Amino acid sequence: MEYLSTSAEHMNSHAMHFPCLKGNNDQSRVLACKNCVDKLTIQWETMDAQRVPLEHRKYIIPSPTPNSASISPGGGSLVRPQSSVGGTPPSTPASNVPSTSVYCFICGLHSELSFARLLYANKEGSRPYFPFLLKHKSPPNAEQLRGDSSALVCTFCYHSLLNQWRKYEAQSNIPPPSEREYNFHDYCCHLCGITTYRKRVRALPIREYPFVANRKCDGILLENGDYAVVCLDCYESLRQQSAEYDRFGVAIEKREYNWVAQPPPPEDSPEVSVARLPSGERSDKAIKNSQGGLRSAPNKKNCSPKVTNDKRDARE
């Protein structure tokens, strides 16, 4: 049995998830058999490569067989295989549903429209501008450069480029914007410090993990410092530890977290969307904890402070 996400957490809509599996319990993850997971993963990856808007997608689940129902993590409720499921009600043609999906002009990954931002290629007043956008080739079916030389981009690319713009502007010998080079491929994890790529980064809400705000690192913050960019491994590790703390009612300010720096897998690897947890487990596997307590921490780890200060001194 493996986990499937049913919702996009915060601004991480580029991560694989299936709202059609949520059911009546509003669970963020459900358990499914390997056959269903494999079939749905292939369909997600195919439609994602084609940049089909999330609300227009229809998924086909293998025909049910005896005892093939998948039990959700909460127990009791069932996710029963159906012939076809999608993000819209059966009575509503998907083609008539207005799209709120944006595929970033720069990286080509999905973003909710509410989190998309405009970048400009031409100078106007004192706003940052990026002449390289005029030559950038947008991925197929992604956003295109507009008539006013602006383009819709995801919040990750937006803040990454703004951060690099500010670094150029702070130099003693400021190079002209037309000669500046920008890196929109690499991201530094705000926790473990490893360099990873766009598909393996997530936005971590600082209000839920306040110790992150005071960390000094080369990582970037999003949305006025409300989110930190972290690698997929750290994101899933903290998320699972937080779920255990929630289960025991531990106050946020008393929580400690562990994480391990791990180089990302190759970009063409099937492990691209799978997190490696400090325990050695994978994030997509059902984790059994017969002892009912918090898992023991690995020998080689990094730790967050137990008593935190929610001040945002480290914000850029």
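Each value, and the rule that gives it
Residues numbered from 1 in each chain as written. Predicted model: local features only at pLDDT ≥ 70, side-chain atom pairs only at ≥ 80, totals over all residues. Heavy atoms only, no water. Helix = DSSP H or I, 4+ residues; strand = E, 2+ residues; numbered from the N terminus. Contact = heavy atoms within 4.5 Å. Areas by Shrake-Rupley, 256 points an atom, 1.4 Å probe, with all protein chains shown as cover. Pairing = 2+ DSSP bridges. Axes fitted to C-alpha atoms, helices over the stretch in contact; angles between N-to-C directions. Polar contact = N/O pair within 3.5 Å; in protein donor to acceptor, adjacent residues only side chain to side chain. Expected span 1.5 Å × (residues − 1). Buried < 20%, exposed > 50% of the residue type's maximum accessible area, 1.4 Å probe, protein only. pLDDT = per-residue confidence, 0-100. Phe/Tyr/Trp six-rings, centres within 6.5 Å; stacked < 30°, edge-to-face > 60°. Lys NZ or Arg CZ within 6 Å of the ring centre and 35° of its normal.

Caption draft 1: Representation of the overall build of the protein chain. When helices and strands are counted, the protein chain shows 3 helices and 17 strands. Taking the intrachain contacts of the protein chain between residues at least 6 apart in sequence as the baseline, contacts between residues at least 24 apart amount to 69%. When the accessible surface of the protein chain is summed, it comes to about 16400 Å², and 50% of that surface belongs to carbon and sulfur atoms.

Caption draft 2: Geometry of the sheet that holds strand S15 (residues 227-231). Pairing is antiparallel in the open sheet, where 3 strands are placed in the order S13-S15-S14. Bordering the open sheet on either side are strand S13 (201-205) and strand S14 (221-222), each of which pairs with just one other strand. Its contacts with the sheet place helix H3 (residues 232-248) against S13 and S15, and it is angled at close to 110 degrees to S15.

Caption draft 3: A look at the side chain of Asp-233. Counting through the fold element by element, Asp-233 comes out in helix H3. Among the polar contacts made by the side chain of Asp-233, one reaches the side chain of Arg-200 at a distance of 2.9 Å. The residues contacting Asp-233, other than those within four sequence positions of it, are Arg-200, Gln-262, Val-274, Ala-275 and Arg-276.

Caption draft 4: Here's a closer look at helix H1 (residues 34-49). For H1, spanning 16 residues, the distance from its first C-alpha to its last is 22 Å, which sits close to the expected 22 Å at 1.5 Å a residue. Buried residues of H1: Cys-36, Val-37, Leu-40, Thr-41, Gln-43, Trp-44, Met-47 and Asp-48, and no others. Of the surrounding elements, those touching the buried residues of H1 are strand S1 (2-5), strand S2 (29-32), strand S3 (58-59) and strand S7 (101-103). Downstream of H1 by one or two residues, Arg-51 has phi in the positive range, about 55 degrees.

Caption draft 5: Quick look at the confidence of the model for the protein chain. When pLDDT is averaged across the protein chain, the result is 81; 77% of the residues are at 70 or more. Note that pLDDT drops below 50 for residues 286-300; the model gives that stretch 26 contacts with residues more than four away or on any other chain. Of the regions scoring below 50 in pLDDT, residues 307-316 engages in 27 contacts with residues more than four places distant in sequence or in other chains.

Caption draft 6: Structural context of the pairing of strand S10 (residues 150-153). Neither face of S10 is exposed, since Ser-150 and Leu-152 on one face and Ala-151 and Val-153 on the opposite face are all buried. The sheet contact formed by strand S9 (residues 117-120) and S10 spans 4 bridges and is antiparallel. Across the sheet, the residue bridging to Leu-118 is Leu-152, located in S10.

Caption draft 7: Broad picture of the packing of aromatic side chains. Evaluation of the coordinates by the stated rule reveals 13 aromatic pairs. Relative to Tyr-257, the ring of Tyr-245 lies with its centre 5.7 Å away and its plane at 80 degrees, an arrangement referred to as edge-to-face. Of this pair, Tyr-245 sits in helix H3 while Tyr-257 sits in the loop between H3 and strand S16 (258-259), placing them 12 residues apart in sequence. Tyr-257 sits in the buried class, given a relative accessible area of 2%. Aromatic ring contacts, followed pair by pair, group Tyr-129, Phe-130, Phe-132, Trp-165, Tyr-168, Tyr-182 and Phe-184 into a single cluster. The side chain of Arg-127 reaches across the aromatic face of Tyr-120, ending 3.6 Å from its centre. Against the face of Trp-165 rests Arg-180, its NZ or CZ located 4.6 Å from the ring centre.

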